[in-house]
Every structure is written in C-alpha cells, then in structure tokens.
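These are the residues of each chain, in order.
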Amino acid sequence: MNILLIEDDQALAQQVIAQLSEQEYRVRWLSDGQNALHEDPTPYALIVLDLMLPKVDGLDILKAYRGRCDTPILILSAKQDATIKVKALQLGADDYLTKPFWPEELTARIGARLRRPILQRAGGIEIGRLFVDLTGHTAKVDGEDIRLTRAEWDLLAALACQAGAAISREDLVEATLDPSRDGTLRTLDVHVSRLRKKLGPCSDYLCTIWGVGYRLEVPNP
Amino acid sequence: MKLRQRMLGTLVLLAIPMIAGANWTRYLFEWRELERGLLSFAEIEMIERNGLERCEANPSNFPLPPRDQPEHLRRRRERRPPPPAAAPQGSTPRLRLATYRSDFQSDNNRTPPFPADLRADLEKGGETSSVLMGKDDSVFALGWRTPWHDGPAAIILVTTPHTPELFRIPVLAAVSALAAALLATVWFAMGPLIGRTRKLAHAVQRNEEQGSFKDIPEEGSDELTDLAHAFNSSGASLRKAMDTATQKEAALRSFVENTAHDVGTPLTVLQGYLARMAKETNGDKTVLQAMEEAQYIGAMLANLSTVARLEDMDTQLRQDRVDLKALCLRVMARHQTIAAEKEITLEHGLPHGEAFVLGEMTLLEQALSNLLHNAVRHGETGGHATLHLQLGPSSEFSLRVLDDGPGIDADTLKHLTERRWRSEEARRRHPNGRGLGLSIAEDVAERHGFALRLAKSEAGGLEVTITGELAPS
C-alpha cells in the first residue's frame, strides 16, 4: 500500500519512512507544502499530513485534498490547542496524532484506518477466515463448518455482532446463558475456552480483555 | 433600609418631638397670658373701680359679683375656638374675685376657702401664683399677695372657668400638616438623587456581572458625581493592572504552548531512536528507563499546555462533540509502546454504539491519557492496564481505567481526591507520585460536569472511573 507522508522535519520523516517500510508500506515523502499542493492524492491508501509546514499551511493542503478524494488523512500536530484539531476534523481529517508520539503509535493509527472492514453478506458476518451465518446458525473457518453447542453459538453470534468491540462478561452471561441453569461468569469462561478451541486457526480472534470481558478481534490485513 | 425609608423614618422621629414641644410652648404661653389677664382684672377692680375702698368699708359683704372678662381677654378668646368643655358656645366665662386677710381667712363667710396649693406657694414668698383646681381641673385660679397686707384684701383670689388647653386639635393639625408637607417635599426632592444613586449602583453591578471596569456616567456636579469620578479613576487603575496581568498571562500561555510545540517534534524523533534502540538491544533496561522518561516528558509537556488552558479563565471551554471511542483508541495507541516495553498488557473495551460527549477534545484526551499513563507507569511487569468505556441504559457513560499494580492505600487515596493540582505537593515529581496528572484529570472532569471516582480495583490496583452524560444525538 502506498502512503503519502507530508512532513518538513527530515529526521522525523526518515524515522516514519523506516517504520512504515518495516510494515511493508511504500512511502512517498514530501517536505514542502507547495509541492504537496501539486501532488495528486488519489493513488495513496492513506496520507500522513503535518499541520506546520513551510510555505503552505497543512489545513490548506487538507482542504485541497478533501476536495479531490476520500483518502484517509491522518494529521500530525505538535500543538495541544483543540481549535486547530477540531478544525482539521471538520475539514475532513480522519484522525490526528499529537507530537511527541512513538513510531508504533503511528503505525497503530494507520493500521486502524486501513484495517479490512468487517464484511456483512447474506445474513452473515465475515471476520478474516471466520464466517458466522446468523440466519443458518452455523459458523465456518476457512469454509469448513465447525460444530457448536447452543451456548457456544449464542456466544459467538453475540461477539460477532459487535466484532472489534469488547463485551463485558456480565453482558455476555445475560445475552447467552440461562441464569436458572448455572449461568455464572465461571460457566461463561468455560464456554469461551471450548469455543476458542473449536475456532482452530481463528482461535486468536477470540481475545480475553483483562478487566472487561471478551472481544472478537478483527485481524489485520 | 432604602434611602427614602430612612429619610421618612428620620423625619417622623424628628416631627413627633417638634410637634410635642411646640404644643407645650403654646400651653405655657396661654397659661402666662391667663395669669396676666387675671392680675390686670384684679388691679382694675381694686384700684380703678374702688374695690379696695369698698372692701375695707364693708369686708363682710365683699367679694364682688361675677363680672365679665376684661376686654383684652375677651378679644383673645374670640380669636380662639371655644374650649369644648369649659363653657357652652356663646356664653362668656365669668370671673370671680375674693379677698382674704394675710392669714388667708376672709371676712366674708360666703367666700370659699383659699386653695391650699396657692397658699403654699404664696407663703414661700411669691407675689402671685396660679393653679388649676376644681373638678377635672376646670377652674383656673390666681392668688395675688397685694401691697395692702394689713387690710381685708391682703390676698386676692381670682378664678375663671377658662383654662389653658393641653391639646388644642387645630394647632396640632396645622403643625402636623406642616410636617407632612415637609415630608412630601423631601420625598419628592429625593427622587432625582435616588435615581442617580440607582444608576450608579446599576452601572457598578453591570461591571461586576460583565467582569469589566467600564466607566460609569458622571452626571451633575455634586458629591454623587465625585463618587462616580472616584469609581472611574479606581476602575481605570484596575483596568490597567488587569490588562498588564492579562498580557503577561497570555504571553506565558503562548510561551508554554510554543515550547510544547517546539519540543514536540524533536521529542518524537528521540522517541523514535529510543524505540529502535529498544528493538536492537532486545529490551535493554537502560533504554527502557530512557523510554519511560521520554514518555514522562511528553506527558508533562501536554500537561503544561492543559494547565495553561485550564488557567485561562477568560475563555469558556469548547463544546465540541467529542467521539469518546476515537479518543480512547488514541490514548490506547499512545501508551501501547511503553506498555509493551514494560510487558504490561494494555486492553480496552469499547461499546458497540456511538459515544459522543460535549467538551474540549484535547483536555479530555489529556485527562484520560494521564490516567492510563499512571496505570502503565506504576504497573509491574506482566501486569495489566485496561481502559473500558461503557454506555448506560439511558444517556450516561462510564469510563474506567484500571490496573493490577500495587495500588494506593486508603489514606493516600482519600488525600488524592482532595488535592488540587495547584498545590505545591502535587507539582513535585516523585517516583511514585500520581498527583499532577490525576489532579488535572479530576479538574478536567469537573469542568466538563463529569464525576471522577477513585477506588481499589478488584485485582488490587487502582480503578479510576469517570462518569457523565453523553451528548444528545
């Protein structure tokens, strides 16, 4: 994937390029606002734009790009002032990052923007290699059916319907277990453990979130 | 008490003794006039009408029959309204004269005994004395020690049913009307004065409400004008002092903001180098410590800007729709690197639906960042720190930051919730101190109308919960 980086600080730009290259992104770097204005933003999967640039203000570049494409734009700002960030978001920026930041923080934010969306098709939800058929009450991993008990299915469906979001254990107990038949947190943990095993290669999709509950993770592309 | 009420009360308090005093003076004057009239009558009767000779010639048949009042007394009486009970209207009060020897005994058997009060006064050496006597003090009596002290007319008693009146209603009414007229005059004369005073008060009040020192109108050329002028002069001085302070404050805020900006980029580069060194040295402890310090400096920079913003009381907080979920993800990403280096598992839980609040994005982000920074900074290797956003059944949200670190004892916990970020202790950098960041978080929450609660987490660490209302959709 191609990423356009517009940043005037050479050291920072080189670090970002190195970090993104490790993640197998191809980066084109522009250090000047004037050049950035003449750049065609459409071929890029994402644009990283610093607001404080020589010659042309970052907000003007943002405005110009937004008029030409819907490419996700991540703003870099060294100012804490909310006004400029809110203005950037209002002009169509998708996210912002305040300096100082860690290289991983930048790649995480870029990854979140470029993450493959959850596909919903034919009454089902596709999450990576996992397909949850909400109509037929079945689940497939790499196209192969997996056999689930009623409680396991309810659990998987509840997590799949909110894929990417953590659901508290209490909410899962209420949504999937019968309180009159030993519907406790401990029972839930047992069901989760069995479901994880049955998911096989997709078992790492089902994450335990310490202090919260569980989440069906959407895998990185 | 209002000015008019005070003036009214003062005038009433003054008018009552004034009216009473005027009435008493009139009463004494009437008394003296009666005394003088009766004495004149006795002198005329005894000297000019030969009363003395007739008395000495035939003392047992003296006194004289009742006579009309002397002319000058009658004229005075006609000018006054008749006394209500002294005599029927139209009749003329009668004067009676009686003579006594120097021992206060009369030669005439029909003469009444000499009044004891008068006798006592005359025996003390007085020439004349007068008194009210009879039933209900209805008779005015004058005793006169004459120069003919060896004869039967050594003492003369003159009586009249006409008495001085203690309360004369027409006079009282006239004086009261005068006092009322005076009151009314003062009442209306005070009007413009009170109006100007009110205008001054309103102008001062308006300045207070608007937090400004605008000049107030200086009308007229009296003491009120002087007061307005003094207020304006003092306002000008204050305005100047405030302008200077505001300029200094703005310069300081600008300096802090610019410093944070200028340091932001090189610090990012430094963090990049440190992250690479950590990878290359496979998590060297020294590099890890350097990374922690870099993270701390970054947090301090952000906190400095946040404090400068919170201290800027001139401007209201922004009321933007802030996406809490996006904010949580940004804060999570910010601490992911340092948490990973410290082998602390950073987790988050976000609700399925939208979660927007009204507020200032960067302040809320820094408040939450401080809480997570504390959780990671004080966490132990292999520990956890979690950020959990939950939505309530109606429009409330709950944002928890919890860890399984060493936690805080109950006493410190209580102290932390009481402490404000302005305190000196909170400004100190302490290896285990959570003061400044936590205090800023509490301040930000409070300024947004949210509640911040500290508690011990189930795993023994600290659990900080922010609760509040979501923005209407």
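First, a word on scope: everything that follows refers to the structure included in this document. (Residues numbered from 1 in each chain as written. Chains lettered and ligands numbered in written order. Predicted model: local features only at pLDDT ≥ 70, side-chain atom pairs only at ≥ 80, totals over all residues.)

1. Considering the overall build of chain B
- Counting its secondary structure elements, chain B contains 12 helices and 11 strands.
- The buried share among the 473 residues of chain B stands at 31%.
- For chain B, the proportion of contacts with a sequence separation of at least 24, taken over those separated by at least 6, is 67%. (Helix = DSSP H or I, 4+ residues; strand = E, 2+ residues; numbered from the N terminus. Buried ≥ 20, exposed ≤ 12 C-beta atoms within 10 Å, placed from the backbone. Contact = placed C-beta atoms within 7 Å.)

2. What about the interface of chain B and chain A?
- If you look at the interface, chain B gives 36 residues, while chain A gives 30 residues.
- For the side of chain B that touches chain A, the elements supplying multiple residues, two or more each, are helix H6 (223–280), helix H7 (285–311), helix H8 (324–341), strand S6 (345–349), helix H9 (361–377) and strand S8 (384–391) of chain B.
- No other element matches the 11 residues that H6(B) contributes to the side of chain B that touches chain A.
- Residues of the side of chain B that touches chain A, tallied by class, amount to 11 nonpolar, 19 polar and 6 charged. (Nonpolar A, V, L, I, M, F, W, Y, C, P; charged D, E, K, R; others polar.)

3. Considering the nonpolar core
- Counting 115 residues, the largest nonpolar core has Ile6(A), Val48(A), Leu49(A), Ile75(A), Leu324(B), Ala367(B) and Leu372(B) as the members making the most contacts within it.
- Top contributing element to this core by residue count: H9(B), with 9 residues.
- Ile75(A) has contacts with Leu49(A), Leu51(A), Ala88(A), Ala93(A), Tyr96(A) and Leu97(A), leaving out every residue within four places of it along the chain.
- Residues Leu34(B), Leu38(B), Leu52(B) and Leu95(B) belong to the second largest nonpolar core, which totals 22 residues. (Core = buried A, V, L, I, M, F, W, Y, C linked by C-beta atoms within 7 Å.)

4. Considering the sheet that holds strand S11 (residues 462–469) of chain B
Residue and element names in this part refer to chain B.
- Across the sheet, which stays open at both edges, the 5 strands sit in the order S6-S8-S9-S11-S10 with mixed pairing between neighbours. Each end of this open sheet is capped by a strand with a single partner; those strands are S6 and strand S10 (451–456). Pairwise comparison of adjacent strand axes, ignoring direction, gives a mean angle of 10 degrees for this sheet.
- When S6 meets S8, the two strands line up parallel, connected through 5 bridges. Residue pairing for S8: Gly-349 is matched across the bridge by His-388. (Pairing = 2+ DSSP bridges. Axes fitted to C-alpha atoms, helices over the stretch in contact; angles between N-to-C directions.)

5. Considerations on H6(B)
- Look at H6(B): 83 Å from first C-alpha to last across 58 residues, which is about the 86 Å you get at 1.5 Å a residue.
- If you look at H6(B), its biggest bend is around 30 degrees, right at Gly264(B), and the proline Pro266(B) turns up within four residues after that.
- Every buried residue of H6(B) is accounted for by Ala228(B), Ala260(B), Gly264(B), Thr265(B), Leu267(B), Thr268(B), Gln271(B), Gly272(B), Leu274(B), Ala275(B) and Ala278(B).
- Buried residues along H6(B) sit in contact with helix H1 (10–22) and helix H5 (103–114) of chain A together with helix H5 (169–210), H7 and H8 of chain B. (Expected span 1.5 Å × (residues − 1). Bend = angle between axes of the 7 residues up to and from the residue.)

6. Points about the environment of Ala333(B)
- Tracing the backbone shows Ala333(B) in helix H8.
- The class of Ala333(B) is buried, set by 23 C-beta atoms lying within 10 Å.
- Excluding residues within four positions of it along the chain, Ala333(B) makes contact with Glu105(A), Ala108(A) and Arg109(A).

7. A closer look at the sheet that holds strand S13 (residues 213–216) of chain A
All names here are of chain A.
- Reading across from one edge, S11-S13-S12 is the order of the 3 strands in this open sheet, with antiparallel pairing throughout. Bordering the open sheet on either side are strand S11 (166–168) and strand S12 (206–209), each of which pairs with just one other strand. For this sheet the average axis-to-axis angle between neighbouring strands, irrespective of direction, equals 30 degrees.
- Where S11 meets S13, 3 bridges bridge the pair, whose relative direction is antiparallel. Considered in S13, the bridge of Ile-167 is made with Tyr-214.

8. What about the packing of H1(A) against H6(B)?
- Where H1(A) meets H6(B), the axes come as close as 9 Å, and the angle between the chain directions of the two elements is 40 degrees. Comparing their axes, H6(B) and H1(A) come out oblique. With respect to the hand of their crossing, H1(A) and H6(B) are arranged in left-handed fashion. When H1(A) is examined against H6(B), the residues Ala11(A), Leu12(A) and Gln15(A) are found in contact with a partner set consisting of Thr265(B), Thr268(B), Val269(B) and Gly272(B).
- Across the contact of H1(A) with H6(B), the residue classes break down as 3 nonpolar, 4 polar and no charged. (Parallel < 35°, antiparallel > 145°, perpendicular 65-115°, else oblique. Left-handed = near helix turned anticlockwise from the far one by under 90°.)

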